Each structure stands twice: as C-alpha cells, then as structure tokens.
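# Chains, contacts and geometry: an overview
So you can see what is in the structure, the chains are spelled out below.
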Amino acid sequence: MLSLHLDSLGKSFPGLGSPVLLVDFLAITAGERVAVTGGSGSGKSTFINVITGLERPTSGKVVWSGEDITRLSETARDRWRAEHVGLVMQDFHLFPGLSAVENVLLPARLARVADRALIARAHDLLESVGLSRPDQKIETMSRGEMQRVAIARAVLRKPGVIVADEPTASLDVEAGETVGRLLLDMAAEAKSMLIVVSHDQRLIDRLDRRITLSAGRIVADDLREEVAA
Amino acid sequence: MIRFILADLRRLWAGAAVVVLLVTLATALGVTVTLQERALRLGSARAADKFDLVIGVAGSETQLVLSSIFLQPAPLPLMPGEVLAKLSKDPRVAWVAPVGFGDSFAGYPLVGTTRALVGSTVSGFAEGRMFEKEGEALVGAAVKLPVGAEIKPMHGTAQMGGETHAGVVYQVTGKLPPTGTPWDRAILVPIQAVWHVHGLGHDHGHEEEEEQHHEGEVAASGGHDADHDDHGAVDADAPIDENFTADAPGLPAVLVKPKTIADAYKLRQEYRNGNTLAVFPGEVLTSLYATLGDAKMVLSAVAAGSQGLVAAALVLVTVTHIGQRRRQIGALRAFGAPRLSVFAIVWLELFLLVALGIGLGFLTGLAAARLIADAFTARSGIILPVGFTGEDWRMALILLGASAVLSAVPAILAYRQSPAAALRA
C-alpha cells in the first residue's frame, strides 16, 4: 500500500527554456486508479519517469508513503523501483529468446529474489491473464498476448503501484479491452495504486480520476463522478 | 542470468560465431608461432645431445653440424685420416667415430660409421644385431626396410641424379630403436665399406692421389664422370677393422666423445687450427637459435598485431552493439534489474565469447603446430616435441585478463547509461 505526494516538483533539461514538468502539489492515495492524459510533449513521460525514480527531478520531492525517493542514490532507486513499481509499457520490452514465464521472472531473477514461491506465482499469473503455455517463446506470441505477459511481469512482486504507459496504444480494440480489464483486475487484486497514461477513452473512463497535463503543468484533475455529472 | 545471456547469444548466433572465429584465429596464430619455435629448438637440441664434439675440415661450422648431426646432404671436403688415428689414441677421448656420407638408398642417407658410435649412442637393438662384416648394414627406426633386406646404394641422392653403385649390396642385419633424431632415417654401414665403395683405402700407396681425386665426392653431389663405377667394390664378407691408423683414408667428419668437460674444451682448442675445425654442436645451435629467435620475434609481432586488430575490432563491434541495445538495457533497468546485473550481463556475454575463442585458439594452435611438426619429422627424422609449458598458461592468463578488461568497456557504457534516456531513444 503506497501513497504518493509530489511537492514543488520541477524538471527541466539543459538547453530547454521552460521546465518540462512543474507540479506544485499532487497527492494520490493508496489504491487509487488514475488516468494521466495530455497531448504529446505535455510532460506525461517525464511525469512517469520522475515518479518511478527513473529520472531525478531538478527540484522538489517525490514522496512515496513518507519516503522521498529523490534523495536515494541511483542504485537505491533501482532497488526501490524493483520492489514497489510494476511497469507496463507501450511496446512491452519483452526479451526474445526467452519463454513467457522466463520473461515474467527475469527482473526478479536478475535482482536475485526469485524463490520457489515467486516462480509458482509467475505461473499462476500467466494462467490468470489467460495464457496456458508458460513455456511458449515470446516471439511467437501475438501483441495482445505479449502485453498480457508484460502485465504478469509487472505485478509479480505485488507492487504498491502499477504504472502503465500507453498500454493499449499498439493493440487492436479487442486486445486493448482485455489488457485494460486485466490491469484493473490485477491492481484490485494486489490493492495497488494504478497510474495509466493513455489516450484510450474507454480505458480512461474506467478509472477513478483523470489528471490532464499540458506543457508540463496539471491543467485538470477530475474525479469520474464529476466527469459523469 | 546465464539463461538470459544464452538466449541472447542464440539470437545473435551468427555475430557471436564470427567473434569467436576471429579470436580463435588471432590466438592460434600466436600460439602456433610460439609452440613451433620452441619445438624446433628442443627437437634440434635433443638431436644433437648425444654428440659432444664434431671435428671436420676447416670451413663452415654450421655446415659441419648440419651435415654430420642432422645428416643434411651437402658436399663436405675431406680431412686426412691421420686425424682419426691420432684421436683414437688420445687418452682424453672416450670414443671417436668417423662418419662418411654421400650415398643414399630409397631416399634414406647412408652413413658410414663404426660399431663404437652405434654402441655408445643407442641402447640395444629393436630387432636383429650389429653389423659384423663389411657387407652388412643397420637401419634407423624410421627406415621402412625389414631386417634381411638388401640395399643397393646410390651415389648422391636420386633427386640429384645419382647413379647406383654397381655390384655393391648391403644386407640389413639390425634395426635401431627410435631416437627422435635424423639418424632414425639413416642406414648405417661400416665406414670401411664406404671407403671401399669409393675406391679408398685399398692401395695405400696411391692414397694421396686418390684423396685428391675424391675430395668432395664422398660427401657427394653427383654430376661425376662416368668412370666412378671403377672406384672399387665391397668384399661383403670381409671382417670389419676399426683400428684406424695414420694412413686411413680421408673423412668428412669425426664425432668425438671426450672423457670430461675439460677434455672437451682442450680438444676443441687443439683441433681448431688451420686445417681442422672442432665445434660443440650446442654452440652452433645457439647461434642458429639466435636467428630463429629473431624470426620468431617478427612472427610474434605480426601475431600480436593481429590480436590487437581483433581486439580493436571487437571493441568497435560491441560498442556499436550496445548502442543498438540501449532500449533493451534501459528496459532491464526500468523493470528493476540492478545496475550490477546489467554490467555483469554485458561483460559476461562478451567475455564468454572471447574466452571461448582463446580456448579454441590454443587448441587450434596446438593442432597446427603438431601437423607442422609431424610433416617436419617425416622429412627430417627430428622429432619436434610440441606441447604447452607454464609459459603458455601464463600467456593464456594474460590474454584472458586482457579480454576481461576489454569486455568491461561496453559493460561500463551499459552501466552508466540512464534508463530513462535509453527508453526515450
């Protein structure tokens, strides 16, 4: 169970005049399901990178349940991310040559935490995302199946937050539908916070809250009830 | 992690195979040069081991050793027989044996010598017995003739257009055990028979003149007048007389076994005057090794250069490769793989390939050196001991160490790159 506080957050890149991300304050409670939208260049990717510790902000704090990850070293942030964040990306980043279950377990194995229980969980997860052949090579799968493997990989260590970056953008409608449903189910099962960057209106509509970014700033932050009303 | 690396290598198997092949060839080149040079040195030193001192006519030291110990066919001038007689009576000499060459049979050189030499240099016979009569012969271990075979010697060698000595037939009475020297390919006959075949030593009155006439010929190169069948004949049943007197015929070389090292140096000094030349085979070989060493240095430099080129090419290829894999590496980090794991994956992947190449290179080098050595042995009789020594293992460790450092270059690049930047690319 993780909650997020952002405080006077700024991220700028050398050579660019205005900061690409500027958030005075943002709080997301544990278990909340949030959509992040905005045009290209609105700072969505930077937002994701900063809150997951992939990038250090230029200023401000990223506090996850009391721990400011901007103060951690790069190695410590890697370790923190491995433990607390489940990432799902638009183009999967699965590794060819390995089977589905090996892909699910790869990060855990590289971090030397893959014990018997975790291996069993990997098999269970593949089953629950609807893949019956855990030993199938990843390159022989369809894109929809691949994203389902990626989801299983993301939730393997029961992360406090699942971050999905355009998870359905490269899928057809049907596969996108399945992936969206799986993300919600998995987040609910692990009681994880879910942050989804997406343009997919059907997926956005299923989330509790919608944050809209423009030029690095939050321009709208609505709860679904309000949208509906 | 290993499984991930193997999956990766399987996917890129063609590139991986080329890397291994390049490293193998570059390593094998260096290894072959080193092994072959060492084998040549050891082999020739062992071949010369039994012979302490060689005395011949003043001239080229190298030629004297090559002809008398390595049995290279070349005309040697003759020295007077009295040298042999004087040495036989010298108290500082354990044994002395004349060697006379020039004839051959079926490609094997015929060497005229004495029972003393045979008895002192080999222990026992593989088959048969010592020659007792003028018409008998011994064959070296590598001569493909059975005991009892007949030998019709040819003057010079077949390649040089030699002629068969009419009416001269030796019978093989024994076969010597292998020695790993050129003498394994030799046919040994009594020196007395060699003299008689060439018409020497029958008529002492004409010896002076005979010697003039035959100078250079016993050592033999062919291209003679047709009259040399008149030289003489062997009395096959004549007993062997090995008490050499001052009027013994001329000789190309004598091999001397001094009693002590001090005697050896004194004899060498004494017989290095205007007419004769005494040499330790070792000293001649040492100067040959110096030349060999120079050649080896050039070849080693070439080999090292090729290894350097391969190393540079590998760094280039892997750095490019890492560039292409930035996204993959970034993703690994993003999903929580520790930085050290990423470093280890990239490092191990390259190091495994290079180490495999080095291992295969050493084996290939060994096999190549063995092949060359076998071909050399078949031609010369000198056995070349090809094998690895501590020096080679040290070399292997140095190469592995260097490749470990080299593999770290792309690994450090992968370690340092920011996952977010890599994913954006």
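Reference entry: report on the structure contained in this document. (Residues numbered from 1 in each chain as written. Chains lettered and ligands numbered in written order. Predicted model: local features only at pLDDT ≥ 70, side-chain atom pairs only at ≥ 80, totals over all residues. Heavy atoms only, no water.)

## A short note on a nonpolar patch on the surface
Residues and elements named next belong to chain B. Taken together, the side chains of Leu29, Val298 and Val302 define a hydrophobic patch exposed on the protein surface, amounting to about 250 Å² of accessible area. In this structure, valine 298 sits in helix α9 (residues 281-324). For valine 298, a relative accessible area of 54% corresponds to the exposed category. (Patch = residues over 30% accessible without salt bridge, like charges linked within 9 Å, V, L, I, M, F, W, Y side chains within 5 Å. Areas by Shrake-Rupley, 256 points an atom, 1.4 Å probe, with all protein chains shown as cover. Salt bridge = Lys/Arg side-chain N within 4 Å of Asp/Glu carboxyl O. Helix = DSSP H or I, 4+ residues; strand = E, 2+ residues; numbered from the N terminus. Buried < 20%, exposed > 50% of the residue type's maximum accessible area, 1.4 Å probe, protein only.)

## So, the interface of chain A and chain B
Counting residues at the interface gives 26 residues for chain A, matched by 23 residues for chain B. Across the chain A/chain B interface, buried area totals approximately 2300 Å², and carbon plus sulfur atoms make up 62% of it. In terms of surface lost to chain B, no three residues of chain A exceed His93(A), Phe95(A) and Leu110(A), which account for 26% of the buried area on that side. On inspection of chain A and its partner chain B, the count reaches five salt bridges. Scanning the region where chain A abuts chain B turns up eight residue pairs in polar contact (both at pLDDT 80 or more). Among the secondary structure elements, those contributing two or more residues to the side of chain A that touches chain B are α2 (74-84), β6 (85-89) and α3 (100-110) of chain A. Within the side of chain A that touches chain B, the residues separate by chemical class into 13 nonpolar, four polar and nine charged. (Contact = heavy atoms within 4.5 Å. Buried area = accessible area lost by both parts, 1.4 Å probe. Polar contact = N/O pair within 3.5 Å; in protein donor to acceptor, adjacent residues only side chain to side chain. Nonpolar A, V, L, I, M, F, W, Y, C, P; charged D, E, K, R; others polar.)

## Looking at the packing of aromatic side chains
Within the structure shown, the criterion is met by eight aromatic pairs over all chains. Geometrically, the ring pair formed by Phe51(B) and Trp183(B) is tilted, given 5.5 Å between the ring centres and 35° between the ring planes. Taken as a pair, Phe51(B) in the loop between α2 (13-48) and β1 (53-57) and Trp183(B) in the loop between β9 (170-175) and β10 (187-190) lie far apart in primary sequence, 132 residues in all. Taken together, the ring pairs connect Phe362(B), Phe388(B) and Trp393(B) into an aromatic cluster. Over the ring of Phe335(B) we find Arg153(A), and its NZ or CZ is 3.6 Å from the ring centre. (Phe/Tyr/Trp six-rings, centres within 6.5 Å; stacked < 30°, edge-to-face > 60°. Lys NZ or Arg CZ within 6 Å of the ring centre and 35° of its normal.)

## Considerations on the sheet that holds strand β3 (residues 33-37) of chain A
Residue and element names in this part refer to chain A. Pairing within the open sheet is mixed, and its six strands lie in the order β6-β7-β8-β3-β9-β10. Both edges of this open sheet fall to β6 and β10 (217-223), since each of them pairs with a single strand only. Direction aside, neighbouring strands of the sheet carry axes that sit 15° apart on average. In this structure, strand β7 (residues 161-165) lies alongside strand β8 (residues 193-197), joined through five bridges in parallel fashion. Looking across to β8, one finds that valine 161 is bridged to methionine 193. (Pairing = 2+ DSSP bridges. Axes fitted to C-alpha atoms, helices over the stretch in contact; angles between N-to-C directions.)

## Structural notes on the pattern of salt bridges
In this structure the tally under the stated criterion is 25 salt bridges over all chains. Among the salt bridges present, the one from Asp8(B) reaches Arg325(B), with a minimum N-O distance of 2.6 Å. Separated by 317 residues along the polypeptide, Asp8(B) in helix α1 (residues 2-11) and Arg325(B) in the loop between α9 and α10 (326-334) bring together distant segments of the chain. With a relative accessible area of 10%, Arg325(B) lands in the buried category. Among the salt bridges present, the one from Arg92(B) reaches Asp90(B), with a minimum N-O distance of 2.9 Å. The burial state of Arg92(B) is the same as that of Asp90(B); both residues are buried. Through salt bridges with shared partners, one network takes in Glu74(A), Asp78(A), Arg81(A), Arg333(B) and Arg339(B).

## Overview of the pairing of β9(B)
Residues and elements named next belong to chain B. With five of its six residues buried, β9 lies for the most part within the structure. With two bridges connecting them, strand β5 (residues 127-128) and β9 associate as antiparallel partners. For glycine 128, the partnering residue across the bridge sits in β9 and is glycine 174. Bridge count between strand β6 (residues 136-139) and β9: four bridges; the pairing is parallel. From the neighbouring strand, alanine 137 faces β9, where its bridge partner is valine 172.

## Side note on the environment of Val18(B)
Residue and element names in this part refer to chain B. Mapped onto the fold, valine 18 is located in helix α2. Since its relative accessible area comes to 48%, valine 18 is described here as partly exposed. Residues valine 18 and glutamate 136, spaced 118 residues apart in sequence, show a C-alpha to C-alpha distance of 61 Å.

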